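# Fold and contact review
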Amino acid sequence: MQNGIRLLRLTLPVLFVAFLVILGLSYTSNRRDDRSGDASRAVPPVRSNDKAQLVSYNFEDTQTIGGRVVSRIKAKQTVGFVSGWYELKDVVLTVYRESGTVYELAAPQAQFQVKSKEASLAGGVLVTSNDGLMVQTNEIRFDGNQLTNHMPVQFSIDRWKGQAGGVNVDVRQQMMRLSGQVTATLSPGSPGAGEPMTIEAREALFLRQQNRVNFDGDVTVRRRTDTVRSDKAFAQLDQNQKQLVALEGSGKVRAAMQGGLAAAAGTPSGGRKTLVAENFTTEFGPEGTIRALNVNGGPIPAQAVLDGPPVRTVTAQTFRALFEESQISELKAIGGMRLVESARTITARSGTVYFDRNTRQASSVVVDGDVRFVDPRLSGTSDRVNYDLVGGSVVLTAIPGGQPVVTTDGQTLKGDVISARLNEGVVRVTKNVSARIMPKSGGASASGTGVFPSAQVPVYVNSDTATLKRDGQTGYFKGNVRAWQDRNTLLGGDLLIQGQGDLIQSSDGVRLILYNTRGLQKSGPILGRGDKLMARKSEQKIDLTGNVQIDEEGRTLNAQQATFHFDNAHRIQKVESVGNVRLTESTTGRKGTGEAANYQVSDQIIILTGSPAVVTEPKGTLRGQQIVFDLARNKVDVRSGTNASENTYNPQ
């Protein structure tokens, strides 16, 4: 195009003037002129109000410089008029450049004014060159500086082809402006180098010196089924006109992508992606293939709408769409990202949406930096969240020194990694778990039970892992469990909470610290140990089984099983122990053995039973079926026993 415009700038004025001089000389010269004569033989109707004075037929002239042919002019008829206008019919102008480029201008009819250098060509004008320039139109005018018309034009410039509603070629500035709804198609630079790209606009300005084309007014860039719309855009080719190196646009940008910027024609794409922004840029890979599309927001953030189901809307300051094999593979959102999916929202500093290669739909999202995840039943904060859009699961992780936090059904969980299957209502936490279990309908709770007596105060739990299930209203904690409410504490290898404290279970070295004796004139706690713990709220009791040990104020009781019974205020009423019972008092030196023990906490009495039960202390030994420890009076009595002679107890 550059050489073509130079041709027009340098040769058109000179060529027409020289042509007219040649015409004047040719009427009396030996150049081929089959029929020349006066104007009475034929007066062209185009200049019917002008007087013809010279007519020539089958005119041909060749211009040379230093023996080199520089131009050739042919016309079947030429007519000169008194006004200074000349008319040519079936004219062909050929220009030969030193570089080897050949240009040809052909038209059925042409007119030229010597003084003003105005010219017009009509009847089907064709301008071509052997280096890739072609302009075809019905009429065109030339005023010495510009070639113009306002009618349909077809053009071909290097790799560009298309049509427009008008043309204006500035021969001085070496620019060509197309108007009237321009359609320009850029073909690939080489076979296999991507797909053709078509750009539509109200105007297009071709700047050959810069290898650039500017498009203005309702610009639409099309590649297969995908489009990018904007107010303005420009395309930049490399110096060899081989590869597209830049494509940028601004103003009301709207990019609609089916499965990529070069989705296969006729193939159902699915997963439509629409980007709305203020401007866009492109990144190119080898041979001009599009590698990425960048869109940027202005005062209003850019927006991406990802078709579903469900439909997902993402806003951010900048989006970067990456392509693999002409299909969109991921969409990066940078700066104040916000993803909305039905009633679910994710906000973060940045994030990336990944797309399935087969379905071309969004498959997962990874977001980073000050992440907040909000769902009707779950909310959380983290440094990073991985969201599986297909499976409906999220994974929250944090940088060293931080922990993700989620709240679900009133429960707050912290840990190094938190995963949630949203559709199933399952939340898992691994490593360094901290939980706050609130008494709330719809979720698991341990408050208002014998283990954790307050009905309004949350229970706190530390563990290695945790799993909460919404459907079963269960919470399961495993590994180094520590659960507490006020001063009541449970330690064990695991902890299961079901319903609103309907069931509490623990195993693997259970330890209990219970302060449920307030109001019973006791200051210290009751400590319990066992292999397993089970508590049912409806039964108002706690069962400890396996290697049970109960400690209280210098007193230790060992048994195979113990049951703590509570009143309606969740205070301990009594503790029943069975199976190889052993009772030791460090303050008195008493030791007792039996088959069962009943500790009536409110009365401060322990009844030891056996066949027989035996109590020894420095004062002697007692044997009987029931031996009563009166803790308040520091007395031991046998209620029913065998032969009294078996007792060696000395009350003195």
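Here, every reference points to the structure presented above.
Residues numbered from 1 in each chain as written. Predicted model: local features only at pLDDT ≥ 70, side-chain atom pairs only at ≥ 80, totals over all residues. Heavy atoms only, no water.

### A word on the side chain of R555
Note the threshold: Runs of H or I in DSSP of at least four residues are treated as helices and runs of E of at least two as strands, each being numbered from the N terminus. Relative accessibility thresholds used throughout: buried, under 20% of the residue-type maximum; exposed, over 50%; partly exposed, between the two (1.4 Å probe, protein chains only).
Topologically, R555 is positioned in strand β37 (residues 555-566). Its relative accessible area of 15% is what places R555 among the buried residues.

### A look at the pattern of salt bridges
Under the convention used in this document: A pairing counts as a salt bridge when a side-chain nitrogen of Lys or Arg comes within 4 Å of a carboxyl oxygen of Asp or Glu.
Tallied over the full model, the rule gives 26 salt bridges. Here E539 makes a salt bridge to K541, at a shortest N to O gap of 3.6 Å. What makes E539 partly exposed here is its relative accessible area of 41%. Classification of K541 as partly exposed rests on a relative accessible area of 24%. The partner of R571 in a salt bridge is D567, and the shortest N-O contact between them spans 3.2 Å. Overall, R571 belongs to the partly exposed group, its relative accessible area being 35%. Each of E552, R555, E585, R590 and E617 takes part in a single network of salt bridges with overlapping partners.

### A word on the packing of aromatic side chains
Convention followed: Pairing of aromatic rings covers Phe, Tyr and Trp, the last through its six-membered ring, and needs centres within 6.5 Å; plane angles under 30 degrees mean stacked, over 60 mean edge-to-face, and all others mean tilted. Two limits define a charge over a ring: the Lys NZ or Arg CZ must be within 6 Å of the ring centre, and within 35 degrees of the ring normal.
Under the defined criterion, the tally for this structure stands at five aromatic pairs. Seen in terms of ring centroids, Y460 and W484 are 5.8 Å apart; in terms of plane orientation they differ by 25°. Their pairing is stacked. Of this pair, Y460 sits in strand β31 (residues 459-469) while W484 sits in strand β32 (residues 474-485); the two residues are 24 residues apart in sequence, bridging distant segments of the chain. We note R482 situated over the ring of W484; from NZ or CZ to the ring centre the distance is 4.3 Å.

### Considering empty space enclosed by the protein
Counted only if it meets this: A pocket, in this scheme, is an open set of points on a 1 Å grid over the protein atoms alone with protein on both sides within 12 Å along at least 5 of 7 lines, while a cavity is a set where a 1.4 Å probe fits but cannot get out; residues line either one if an atom lies within 4 Å of a point. Grid points are joined across faces, edges and corners, and a volume is the space filled by probe spheres set on the points. Residues are grouped as follows: nonpolar covers Ala, Val, Leu, Ile, Met, Phe, Trp, Tyr, Cys and Pro; charged covers Asp, Glu, Lys and Arg; every other residue, Gly included, is treated as polar.
This model, assessed by the stated rule, comprises nine cavities of 30 Å³ or more. By volume, the second largest cavity is sized at about 110 Å³. If you list the elements that add at least two residues to the lining of the second largest cavity, you get β36 (541-552), β37 and β38 (572-585). Per-class residue counts for the lining of the second largest cavity are seven nonpolar, two polar and three charged.

### Remarks on the nonpolar core
The cut-off we apply is this: Think of a nonpolar core as a cluster: buried Ala, Val, Leu, Ile, Met, Phe, Trp, Tyr and Cys residues, connected wherever their side-chain atoms sit within 4.5 Å. Residues are treated as being in contact if the distance between any of their heavy atoms lies within 4.5 Å.
Counting residues in each nonpolar core, the largest one holds 139 residues, and the members touching the most others are W160, F215, L293, F477 and F564. W160 has contacts with F155, A184, T185, L186, I199, F206, V213, F215, A235 and L237, leaving out every residue within four places of it along the chain. In terms of nonpolar packing, the next biggest core, distinct from the first, is built from five residues, A52, Y57, V79 and F81 among them.

### Digging into the pairing of strand β29 (residues 417-421)
Heads up, the condition is: The pairing criterion is simple: DSSP has to find at least two bridges between the two strands.
Of the two faces of β29, only the one carrying I418 and A420 is buried; V417, S419 and R421 on the other face are not. Pairing of strand β26 (residues 393-397) with β29 involves five bridges; the strand directions are antiparallel. Its bridge partner lying in β29, S393 is registered against R421. Sheet topology note: the β29/strand β30 (residues 426-437) ladder contains five bridges and is antiparallel. Bridge pairing in β30 links V417 to T430. Taken together, β29 and the strand that follows it, β30, pair antiparallel across an intervening segment of four residues, in which G425 is found at a positive phi of about 70°.

### Details of the side chain of K273
How we decide: Any pair of nitrogen or oxygen atoms within 3.5 Å is treated as a polar contact; in protein, a donor-acceptor pairing is required on top of that, and neighbouring residues in sequence qualify only through side-chain atoms on both sides.
Position of K273 relative to the elements: it lies in strand β17 (residues 273-284). In terms of polar contacts, K273 uses its side chain to reach the backbone carbonyl oxygen of R360, at 2.6 Å.

### Brief notes about unusual backbone geometry
That bond from S611 to P612 is cis: its omega, 0°, falls within 30 degrees of zero. As for its position among the elements, P612 is in strand β40 (residues 605-617). One non-glycine residue, R360, adopts positive backbone phi at about 65°. Its location among the elements puts R360 in the loop between β23 (344-355) and β24 (362-374). Taking relative accessible area as the criterion, R360 reaches 7% and is therefore assigned buried. Even without glycine at this site, Q540 takes up a positive phi of about 50°. On the secondary structure map, Q540 appears in the loop between β35 (526-536) and β36.

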